[in-house]
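# Results of the structural survey
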Amino acid sequence: MTNPDLAIRTSGLTKTYKGVEAVRGIDLEVPRNTIFGFLGPNGAGKTTTIKLLLGLAKPTAGGAEVFGQDIGRDTLEIRRRVGYLAQDPRYYDHMTARETLRFTARFFYQGPGEGIERRIGETLELVGLADKADRPIKGFSGGERQRLGIAQAQINQPDLLILDEPAASLDPMGRRDVLAVMANLREHTTIFYSTHILEDVQRVSDIVAIMHLGRLIAQAPIGELLAGQSGEVVFVVTLKGEGAEAQARVSGLPWVTGLEEQRQNGTAQWHVRVSDAEAAEHELLRAILASERVTVTAFGRQRFDLEEVFMRIVEEADNAR
Amino acid sequence: MPGEQALVPVRALGWTAGLRNMLDKEYGTWFRTRRWLLHLLLWIGVINGFLMLVYFGDGPSKSGHHSWQKYSELIEVFFRVGGMFGGIGVITALQGAVVRERTMGTAAWLLTKPLARSAFVVSKLVANAVTVLFFIVVIPTVGLLIQARLAFGPGYPPALPFLAAMGVLVVHQLFYVAFTVMLGTLVSARGAVSGTAIGFLIAGGIVPNIWPPVLTFMPWGLTQFAPGMVLHGKMPFPVWMPVAGTLVLTVICVAVAVWRFEREEF
């Protein structure tokens, strides 16, 4: 059943190349008007998934819909509504940036010429290439090519922008620019982008999916992912004093599933795993402070670094194999 | 913005989606670069240059008029050189038309736009056929007509037989356009495309010696028979046989190219 709130929905999407499963039955849901980070190490199957969505390859099994349209049957209609930036974008070197955008725009619009030129001008401004618009792209740097790539992907003002490793080949300035362009576009479009640069994901994504060895091993809003996985929440408490009494009380609470203590220079840090985050937010600190022998200097839910989360999820997936 | 006209979307769907834009781009690779000038000079130089060598080969005629034998030689050489070197020219010019786009990644880029795969192949066939026929057939033919009329007077070569023979030459070159584009969808190296196509062209000088009937349905006989049409107006067998055979092969090549490219994965 088609869900109008979804830009992309895959069900059991599978792609096999000569007996090797590059994508293994993934079920992905990308809500509209989100920035969706598609993470995974090299060879995880991210680019293959994107190629399947765009009709550049055909699924071996399963299927997918983009805006409710079938990727096999309605590929031309889908491509009218999508903008795509390849991982290593290639254009015609004899063309200038303006000519490249004009050529791209003509796949979508038949006229009027004046309107198309205006759209090209606006898009060049958006990506900061207006001053290089009439130079052959043969001499463009990697960053300039990437910005041209975003421009050609955006020329039809698509409902869905698919970016394959948009910042991978860029220096920090180039990466910052690309992320800024993505942030500017989020109001009008859904952005589905693959990357292995976790820092970028943490900065701009609303939802994250993690691919590993062709499987989708996690999909969640970024906040949820950083706060902890699979319903397990960890609270970090830093305290001074004699904590044995408090520790016994906390360990006895029904929603506490574990407590680890680390001591350093007279200060203790507890990692309290809980199964009910709401109850813990309400009662945990009170339970600790019921003991007059301790002073709490810091209390809060543990925020994971995305890299930590990513590594843990990937390792868990490896162990489960 | 007030007064701004909305952009009008392209409506074409199905197999022609994106064809017009691709044709414009393909013509642009010839005429918006210096490629056209290179081919213009090359084919005038090769084909009409060869004719000049034949014409002035044994020195100027004392009577001011050349013999029938010289005229025959000129016509023979035009079709032989036009067929063999022209065929090699077609193959060389088009060897990368599809392969380069596939290996460079530009084909994959284009196919993320609303472009039908069949339109991609058809644009390569149409734009390149029109362009190479113009440079390799039309321009040298105009040169031949000027040379022949200056040397042998008006009426040489006779219009109708010459036009018919030109049609045969066009069919020959069209086959090599379709054959080369088809090979470009099947293999992944330019060398393999040009090697196979040139090998096939050269085989036309060998295979008919082993099995002569092959000339009645393959493109190899076309440039051998064309001079006879102009000079004698007669053929060893109906000319439509190799023409029809070549046209059938051309259609097969186009069908295979479209079929294969529809199944290409990037």
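Above this text sits the structure in question.
Heads up: these notes are all about the structure in this document. The model shown is predicted, which means the values in this text are computed figures rather than measured ones.

Here we come to helix α3 (residues 68-94) of chain B. Helix length check: α3(B) (27 residues) gives 37 Å between terminal C-alpha atoms against 39 Å at 1.5 Å per residue, within 8%. Of all the bends in α3(B), the greatest, near 25 degrees, is centred on B:G86.

On a regular strand, one side chain projects to one face of the sheet and the next to the other, so that they alternate. Residue and element names in this part refer to chain A. Where strand β14 (residues 256-264) and strand β15 (residues 267-274) come together, 8 bridges link them in antiparallel fashion. Among the inter-strand pairings, E260 is bridged to a residue of β15, identified as H271. Counting the residues that bridge the hairpin from β14 to β15 gives 2 residues, and of these N265 lies at a positive phi of roughly 50 degrees.

What follows covers the packing of helix α3 (residues 97-105) of chain A against helix α4 (residues 113-126) of chain A. Residue and element names in this part refer to chain A. Close contact between α3 and α4 brings their axes to 10 Å; oriented N to C, the two are set at 125 degrees. When the axes of α3 and α4 are compared, the pair comes out oblique. Both α3 and α4 take part in a crossing whose hand is right-handed. For the pair α3 and α4, the contacting residues are A97, R98, L101, R102 and A105 in the first and I116, R119, I120, T123 and L124 in the second. For the contact of α3 with α4, the per-class residue count stands at 6 nonpolar, 1 polar and 3 charged.

With 28 residues of chain A at the interface, the matching set in chain B holds 24 residues. Among the secondary structure elements, those contributing two or more residues to the side of chain A that touches chain B are α1 (46-54), α2 (75-80), α3, β8 (109-111) and α4 of chain A. Here the residues of the side of chain A that touches chain B are counted per class, giving 15 nonpolar, 5 polar and 8 charged. Judged from the 2 bridges that link them, β8(A) and strand β1 (residues 8-9) of chain B form a sheet pairing that is antiparallel. Bridge pairing in β1(B) links A:G111 to B:V8.

In this model, A:G111 is joined to A:P112 through a cis peptide bond whose omega is -5 degrees. Residue position: A:P112 is located in the loop between β8 and α4. That bond from B:Y156 to B:P157 is cis: its omega, -10 degrees, falls within 30 degrees of zero. Mapped onto the elements, B:P157 comes out in the loop between α6 (117-152) and α7 (159-186). Backbone geometry at A:E165 places phi at a positive 50 degrees, although glycine is not the residue there.

All names here are of chain A. Here we have 4 strands laid out as an open sheet, ordered β14-β15-β13-β16, and antiparallel in their pairing. The sheet is open, and its two edges are formed by β14 and β16 (294-301), each paired on a single side. The mean angle between the axes of side-by-side strands here comes to 20 degrees, regardless of whether they run parallel or antiparallel. Taken together, the 8 bridges between strand β13 (residues 233-241) and β15 define a ladder with antiparallel strand orientation.

Residues and elements named next belong to chain B. You can see N48 is positioned in helix α2 (residues 35-56). Its 21 C-beta neighbours within 10 Å are what place N48 among the buried residues. Between the alpha carbons of N48 and G143 there is a distance of 6.4 Å; along the sequence they are 95 residues apart.

About the cut-offs
- Residues numbered from 1 in each chain as written.
- Chains lettered and ligands numbered in written order.
- Predicted model: local features only at pLDDT ≥ 70, side-chain atom pairs only at ≥ 80, totals over all residues.
- Helix = DSSP H or I, 4+ residues; strand = E, 2+ residues; numbered from the N terminus.
- Expected span 1.5 Å × (residues − 1).
- Bend = angle between axes of the 7 residues up to and from the residue.
- Pairing = 2+ DSSP bridges.
- Axes fitted to C-alpha atoms, helices over the stretch in contact; angles between N-to-C directions.
- Parallel < 35°, antiparallel > 145°, perpendicular 65-115°, else oblique.
- Left-handed = near helix turned anticlockwise from the far one by under 90°.
- Contact = placed C-beta atoms within 7 Å.
- Nonpolar A, V, L, I, M, F, W, Y, C, P; charged D, E, K, R; others polar.
- Buried ≥ 20, exposed ≤ 12 C-beta atoms within 10 Å, placed from the backbone.

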